[in-house]
Amino acid sequence: MLNRTLDLLRALNTVEPDQWKGLLEGAIVRSLEEMGYFLDSEEELALLEELDGLQAQAAGLGSRLQRLAYRRRAARLYVSEANIEAANQTVGEILKQAKDLQAGRLTAEQLEEVRIAEIDCSVLRGDIQQLEQNFERAYREYRMGIGRLVAPGTPTPRGDLLRLGFDLYSRLARAPREHVAASEAAQFAAEAARWGAGFSGL
């Protein structure tokens, strides 16, 4: 039913975008949220890219922050598919969008969403470097992400930040000993467990 609704809204949006664009965006978001587990990567990426095209001219902060979140989702899929070129391009888009958002007047909560996106980019860029076999640069990216994660004055981590903390520390804990010493890896493993416990308790 959702697929047929999307096809209808696409046709209507082609004729009268001012009237139907918002409804098409909403239907795509609903498809991603309700059908995400049933979509293969290609289908999910197609919907994410279609949504981004619709949201590209969004002016409202809510829409721009939502766009940022969905670009992060697309980037993770590109990394999982080992599509390095698309992953790099999407991460670049996320960082540019984050910078543009920071130039405006944001609430503390909105600033936190932007910071989460930037930290997520450290995970993504590190993962891309691993795909390219640039392990030293990958672990440098993860360390940079941790620096942003635990910077002085940042709020108590929760939600996405806890997941990102686990991702960053666990990747460093699993690093080969030529890149991360055994004693440091043990510390990273302990931190991964701590952040992971907070995330699983949500």
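What you are looking at is a predicted structure, and each value in this text was computed from that prediction instead of being measured.

1. Comments concerning the overall build of the protein
- A tally of regular secondary structure across the protein gives 9 helices and 0 strands.
- Listing the helices and strands of the protein from first to last along the sequence gives α-α-α-α-α-α-α-α-α.
- Over its C-alpha atoms, taken along the principal directions, the protein stretches across nearly 60 × 35 × 30 Å.
- The proportion of buried residues among the 202 residues of the protein is 42%.
- Considering only residue pairs separated by 6 or more positions, the protein has 60% of its internal contacts joining residues 24 or more positions apart.
- Accessible surface, the protein as shown: approximately 11,200 Å² in total, 53% of it carbon and sulfur.

2. A few points about helix H8 (residues 160-173)
- In a regular helix each residue adds 1.5 Å, so 14 residues correspond to 20 Å; H8 covers 20 Å between its end C-alpha atoms and thus fits that length.
- Of all 14 residues in H8, 12 are buried, a share of seventy percent or more.
- For H8, the full list of buried residues reads Leu 161, Leu 162, Arg 163, Leu 164, Gly 165, Asp 167, Leu 168, Tyr 169, Ser 170, Arg 171, Leu 172 and Ala 173.

3. What about a nonpolar patch on the surface?
- A cluster of nonpolar side chains, contributed by Met 35, Tyr 37 and Phe 38, occupies part of the molecular surface with about 440 Å² of accessible area.
- For Met 35, the position within the fold is in helix H2 (residues 17-35).

4. A look at the packing of aromatic side chains
- A full pass over the atoms with the stated rule returns 3 aromatic pairs.
- Summarising the aromatic geometry, the rings of Tyr 169 and Phe 188 are spaced 6.1 Å apart at their centres and angled 40 degrees between planes, so their arrangement reads as tilted. Remark: Phe 188 occurs in helix H9 (residues 182-200) and Tyr 169 occurs in helix H8; sequence separation between them is 19 residues. No difference in accessibility class separates Tyr 169 from Phe 188, as the two residues are buried.
- Measuring from ring centre to ring centre gives 6.1 Å for Tyr 169 and Trp 195, while their planes differ by 40 degrees; the resulting arrangement is tilted. Of this pair, Tyr 169 sits in helix H8 while Trp 195 sits in helix H9, and the two are 26 residues apart along the sequence.

5. So, a negative patch on the surface
- Taken together, the side chains of Asp 40, Glu 42, Glu 43 and Glu 81 present a region of like negative charge at the surface.
- By the element assignment, Glu 42 lies in helix H3 (residues 41-55).
- The class for Glu 42 is exposed, based on a relative accessible area of 66%.

6. Observations concerning the packing of helix H6 (residues 108-131) against H8
- Remark: H6 packs on H8, axes separated minimally by 10 Å, with the N-to-C direction vectors making an angle of 25 degrees. It follows that H6 is roughly parallel to H8 by the angle criterion. Crossing handedness for the pair H6 and H8: left-handed. In contact with Glu 112, Arg 115, Ile 116, Ile 119, Asp 120, Val 123 and Asp 127 of H6, H8 contributes Asp 160, Leu 161, Arg 163, Leu 164, Asp 167, Leu 168 and Arg 171.
- Tallied by class, the residues present in the contact of H6 with H8 amount to 6 nonpolar, no polar and 8 charged.

7. Topic: the environment of Leu 54
- You can see Leu 54 is positioned in helix H3.
- Considered as a pair, Leu 54 and Pro 17 are 37 residues apart in the sequence and their alpha carbons are 9.9 Å apart.
- Other than its neighbours up to four places away in sequence, Leu 54 contacts Asn 13, Lys 21, Leu 24, Glu 25 and Ile 28.

8. Focus on the confidence of the model for the protein
- In this model, the protein carries a mean pLDDT of 91, and residues with pLDDT of at least 70 account for 94%.
- Within the protein, the lowest mean pLDDT, 89, falls on H9, and the highest, 96, falls on helix H5 (residues 84-102).

9. Observations concerning the side chain of Asp 120
- With respect to the secondary-structure elements, Asp 120 resides in helix H6.
- A distance of 2.7 Å separates polar atoms of two side chains, one belonging to Asp 120 and the other to Arg 76.
- For Asp 120, the residues in contact, after removing those within four places along its chain, are Arg 72, Arg 76, Arg 163 and Leu 164.

Parameters at a glance
- Residues numbered from 1 in each chain as written.
- Predicted model: local features only at pLDDT ≥ 70, side-chain atom pairs only at ≥ 80, totals over all residues.
- Heavy atoms only, no water.
- Helix = DSSP H or I, 4+ residues; strand = E, 2+ residues; numbered from the N terminus.
- Buried < 20%, exposed > 50% of the residue type's maximum accessible area, 1.4 Å probe, protein only.
- Contact = heavy atoms within 4.5 Å.
- Areas by Shrake-Rupley, 256 points an atom, 1.4 Å probe, with all protein chains shown as cover.
- Expected span 1.5 Å × (residues − 1).
- Patch = residues over 30% accessible without salt bridge, like charges linked within 9 Å, V, L, I, M, F, W, Y side chains within 5 Å.
- Salt bridge = Lys/Arg side-chain N within 4 Å of Asp/Glu carboxyl O.
- Phe/Tyr/Trp six-rings, centres within 6.5 Å; stacked < 30°, edge-to-face > 60°.
- Lys, Arg positive; Asp, Glu negative; His and termini not counted.
- Charge placed at Lys NZ, Arg CZ, Asp CG, Glu CD.
- Axes fitted to C-alpha atoms, helices over the stretch in contact; angles between N-to-C directions.
- Parallel < 35°, antiparallel > 145°, perpendicular 65-115°, else oblique.
- Left-handed = near helix turned anticlockwise from the far one by under 90°.
- Nonpolar A, V, L, I, M, F, W, Y, C, P; charged D, E, K, R; others polar.
- pLDDT = per-residue confidence, 0-100.
- Polar contact = N/O pair within 3.5 Å; in protein donor to acceptor, adjacent residues only side chain to side chain.

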